[in-house]
Amino acid sequence: MQISKITAILLASGVIAYSPNVNATGLPSTTQLKREFKLQIAQANLEDAAKYFNRGNERLEQGDYQGAIALLTKAIQINPQLDIAYYNRGVARSQLKDNQAAIADFTKAIQINPNLDIAYYNRGVIRGKLGNNQAAIADFTQAIQINPKLEIAYYNRGVARIQSKDNRGAIADFTKATQLNPELAIAYYNRGVARGLSGDKQGGITDLRKAVSLFKEQGNEAQAQKALELIARVGG
């Protein structure tokens, strides 16, 4: 069976896998982590572990990923139950594209703290990048169950679903992401792609036009132009 011209254009254009409120690798900033987990470090009352953890965090922020890994490993050796040390080491390893080691660290952090939503989220990001969309979807779903307001988890689950050809599921996730953050232009863009792939040309064009408007308001002319070009190609 031949695919329609519109579907072919949308498939060729693809989705934009961008996660808001995270850094360029799709991982939360260590500044956020320090604020969120400072109390946990204090409660642990392990000064040496805290020292190595904080120094490792500094190295991570400075972009010295090998140095961060070495210091965080020392923190883990002192306190093997320090979930955030595994988490941050996973961040550093992901920056070095050591994806399997990063996954192992996020998994260990989850084993220690099953409610660590960002560990599920970031493991899902890496699994999605590696093409394991079903595992990524499972991780994003778990993150959402822990934190139902985690918009980036809905968004990225939508990306994984559209890549798995589950366009209806993707539309539902992008819709939820826009409900949580009405300014999330990229979710409108990708929902427009998913709607077009589902045969809803007009619904897709409406979403793409909304994305154009938001991109321009946010000063993102490049993405606005990409959306405009896609609208033109599908005949909007």
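This text follows the structure it describes.
Here we summarise the structure given alongside this text.

1. Quick word on the overall build of the chain
No. 1: Of regular secondary structure, the chain possesses 13 helices and 0 strands.
No. 2: Order of helices (α) and strands (β) in the chain, N terminus to C terminus: α-α-α-α-α-α-α-α-α-α-α-α-α.
No. 3: Within the span of the chain, comprising 236 residues, buried residues form 51% of the whole.
No. 4: Relative to all contacts within the chain whose residues are 6 or more apart in sequence, the contacts with residues 24 or more apart total 56%.
No. 5: Only carbon and sulfur atoms are counted for the fraction: they give 47% of the accessible area of the chain, which is about 11,400 Å².

2. Examining the nonpolar core
Most often, soluble globular proteins have nonpolar side chains that are buried together.
No. 1: Grouped together as the largest cluster of nonpolar side chains are 64 residues, with contacts concentrated most on Phe53, Tyr87, Tyr121, Tyr155, Tyr189 and Phe215.
No. 2: With 8 residues, helix H11 (residues 185-197) is the largest single contributor of residues to this core.

3. What about helix H4 (residues 65-78)?
No. 1: The terminal C-alpha atoms of H4 lie 20 Å apart, and with 14 residues this matches the ideal 20 Å at 1.5 Å per residue to within 8%.
No. 2: Burial in H4 covers these residues: Tyr65, Gly67, Ala68, Ile69, Leu71, Leu72, Ala75 and Ile76.
No. 3: Where H4 is buried, its residues meet helix H3 (47-62) and helix H5 (83-95).

4. Focus: the packing of aromatic side chains
No. 1: Under the criterion given, the structure shown has 3 aromatic pairs.
No. 2: Here the aromatic rings of Tyr155 and Phe174 are separated by 5.6 Å at their centres, their planes lie at 45°, and the arrangement is tilted. With Tyr155 in helix H9 (residues 151-163) and Phe174 in helix H10 (residues 167-180), this residue pair connects regions lying 19 residues apart in the sequence. Per residue, the accessibility class of Tyr155 equals that of Phe174, and both read buried.
No. 3: Here the guanidinium or amino end of Lys51 rests over the ring plane of Tyr52, the centre of that ring lying 5.0 Å away.
No. 4: Here the guanidinium or amino end of Lys210 rests over the ring plane of Tyr188, the centre of that ring lying 5.8 Å away.

5. Digging into the packing of H4 against H5
No. 1: It is at 9 Å that the axes of H4 and H5 come closest, and there the two elements cross at 160°. Classed by the angle they form, the pair H4 and H5 counts as roughly antiparallel. H4 and H5 meet at a crossing whose hand is left-handed. Residue-level contacts link Tyr65, Ala68, Ile69, Leu72, Thr73, Ala75 and Ile76 of H4 to Ala85, Tyr86, Asn88, Arg89, Ala92, Arg93 and Gln95 of H5.

6. A word on unusual backbone geometry
No. 1: Even without glycine at this site, Lys97 takes up a positive phi of about 60°.
No. 2: Its location among the elements puts Lys97 in the loop between H5 and helix H6 (99-112).
No. 3: For Lys165, which is not a glycine, the phi torsion comes out positive at approximately 70°.
No. 4: For Lys165, the position within the fold is in the loop between H9 and H10.

The rules behind the values
Residues numbered from 1 in each chain as written. Predicted model: local features only at pLDDT ≥ 70, side-chain atom pairs only at ≥ 80, totals over all residues. Heavy atoms only, no water. Helix = DSSP H or I, 4+ residues; strand = E, 2+ residues; numbered from the N terminus. Buried < 20%, exposed > 50% of the residue type's maximum accessible area, 1.4 Å probe, protein only. Contact = heavy atoms within 4.5 Å. Areas by Shrake-Rupley, 256 points an atom, 1.4 Å probe, with all protein chains shown as cover. Core = buried A, V, L, I, M, F, W, Y, C linked by side-chain atoms within 4.5 Å. Expected span 1.5 Å × (residues − 1). Phe/Tyr/Trp six-rings, centres within 6.5 Å; stacked < 30°, edge-to-face > 60°. Lys NZ or Arg CZ within 6 Å of the ring centre and 35° of its normal. Axes fitted to C-alpha atoms, helices over the stretch in contact; angles between N-to-C directions. Parallel < 35°, antiparallel > 145°, perpendicular 65-115°, else oblique. Left-handed = near helix turned anticlockwise from the far one by under 90°.

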